[in-house]
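The lines below spell out each chain.
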Amino acid sequence: MEIVWQTPANPPEKDDYIFLNGRRHVRPYYFEFISYVKNRWAGKTIVDLFAEEFKGRPYDYYVSAVKCGRIQVDGEMVPVSYIVKPSQKISHFLHRHEPPVMAWDVSILQKDPDVVTICKPATVPVHPCGQYRKNTVVGILQADHGLSPLFPVHRLDRLVSGLLILARNALKADFFRQEIEAGMVQKQYVAKVIGIFPEDEQVVDVNINYNAREGRSTAEVGDSCSDFPTKGKAACTKFTRISTNGTHSIVLCKPITGRTHQIRVHLQYTGHPIANDFLYLSELAANPSAEGTSADRAACSSSFGLTPQDCSSDKCEENTREDFNTDPMCTNCPNLVPKGYDVYEEGLCLHCVKYSGPGWVYECPYPDWAFLS
């Protein structure tokens, strides 16, 4: 079989996806990763560089990859003892497996000459990042609807669903960016939280400190007289209860600032964390699969008013191996899912419903879980 190496210039296509057990997978493909030697990398051998900086594969794999030309420097094969120099081009040719996402459609809410708005499914990242490239909102819209280029106007975390605004040209994207930076844009989300949320509006004006190493934020109460001032950034969120059934509440969230995990952390601070937010459910952090959380997980993985791709489990399991070619050097094959990813990951009960600015408003329907029984 002749290997065809893809680069970021190759657009995603419909046939790139496999739907299996309620998940959208990407058929593994050959891809050229390109990077340039940083100053702190210079002086290392090519094998040591990869083993120290890219620890997802064993040392022996990198030795073999260099020897057979899967890792090259400036477009040429080099020995395993080769010492890299600053700014050199390094190519890593590999069999790329992307993590799966939930198989909900990326539904288009509104399509104008300059703007597209969609209802983003939970678990799908907005744009290429990390191991995600085709299994992204931008990639799926390009494959399914031929929409390109697209410029995401605002952030929406991978596990969050709801309204996403995408500009169709750089000029429109810059227009939205200026209004957001000027504080002229209002945002609204809905969340399903634990307990009976207070009936009166709650305003949480508490700094947030994001720890990149741990991948989570913490709320910090400052004290101007303290010898240890807070490290966090100013953050403010307004909360209004929409409904409650005595066990859970649906809360309208209006973030005034835009810090990482702001709504999630501020809801935790109120004592009413998001019902299935295992990262901020402190009592469940040590055991995210605890029996008591199963109902919340099921409730929040229900339909968002969309229809998942149908896939008979027996048929899909039978045909999975035939849907992609394995590679003898690949550290993920013969599995479809890359190592270290939870194929059963679900989305948060947090959904973006509205963005508005001077003279414009975009909205998204509420998810099914927002209607308590």
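Described below are features of the structure shown in this document. (Residues numbered from 1 in each chain as written. Predicted model: local features only at pLDDT ≥ 70, side-chain atom pairs only at ≥ 80, totals over all residues. Heavy atoms only, no water.)

### Description of the overall build of the chain
Stated formally: Going along the chain from the N terminus, every DSSP run of H or I of four or more residues is numbered as a helix, and every run of E of two or more is numbered as a strand. The rule is simple: take the accessible area with a 1.4 Å probe, protein chains only, and divide by the maximum for that residue type; under 20% is buried, over 50% is exposed, in between is partly exposed. Here the open area of atoms and residues is found with the Shrake-Rupley method and a 1.4 Å probe, where only the protein chains shown may cover a residue.
A tally of regular secondary structure across the chain gives seven helices and 18 strands. Within the chain, the proportion of its 373 residues that are buried is 45%. Counting every atom, the chain has about 18,800 Å² of accessible surface; 49% of that belongs to carbon and sulfur.

### A short note on the sheet that holds strand β4 (residues 71-73)
Rules: In this scheme, strands are said to pair when DSSP sees at least two bridges between them. Interaxial angle, 0 to 180 degrees, is taken between N-to-C directions of lines fitted to C-alpha atoms, where a helix line uses only the stretch in contact. Here, residues are in contact when the closest pair of their heavy atoms is within 4.5 Å.
Read from one edge to the other, the open sheet built from three strands follows the order β3-β5-β4, with strand pairing classed as antiparallel. Of all strands in the sheet, those with a lone pairing partner are β3 (29-36) and β4, marking the two edges. Between one strand axis and the next, the sheet turns by 20° as a mean value, whatever way the strands run. In this sheet, strand β5 (residues 89-96) lies alongside β3 in antiparallel orientation, the contact comprising eight bridges. Note on β5: the bridge partner recorded for S35 is I90. In the packing of helix α1 (residues 46-53) onto the sheet, the strands contacted are β4 and β5, and the crossing angle to β5 comes to about 60°. Helix α2 (residues 59-67) contacts β4 and β5 of the sheet and is inclined by roughly 110° relative to β5.

### Structural notes on the pattern of salt bridges
Under the convention used in this document: Put simply, a salt bridge is a Lys or Arg side-chain nitrogen that is within 4 Å of an Asp or Glu carboxyl oxygen.
Here the structure, examined in full by the defined rule, presents eleven salt bridges. In this structure, R177 and D174 form a salt bridge, with 2.4 Å as the shortest nitrogen-oxygen distance. Taken together, the residues span about one helical turn, with R177 and D174 both in helix α4 (residues 170-181) at a distance of three residues. Taking the relative accessible area as the measure of exposure, R177 reaches 37% and is therefore partly exposed. One salt-bridge network, held together by shared partners, links R40, K44, E52 and E53.

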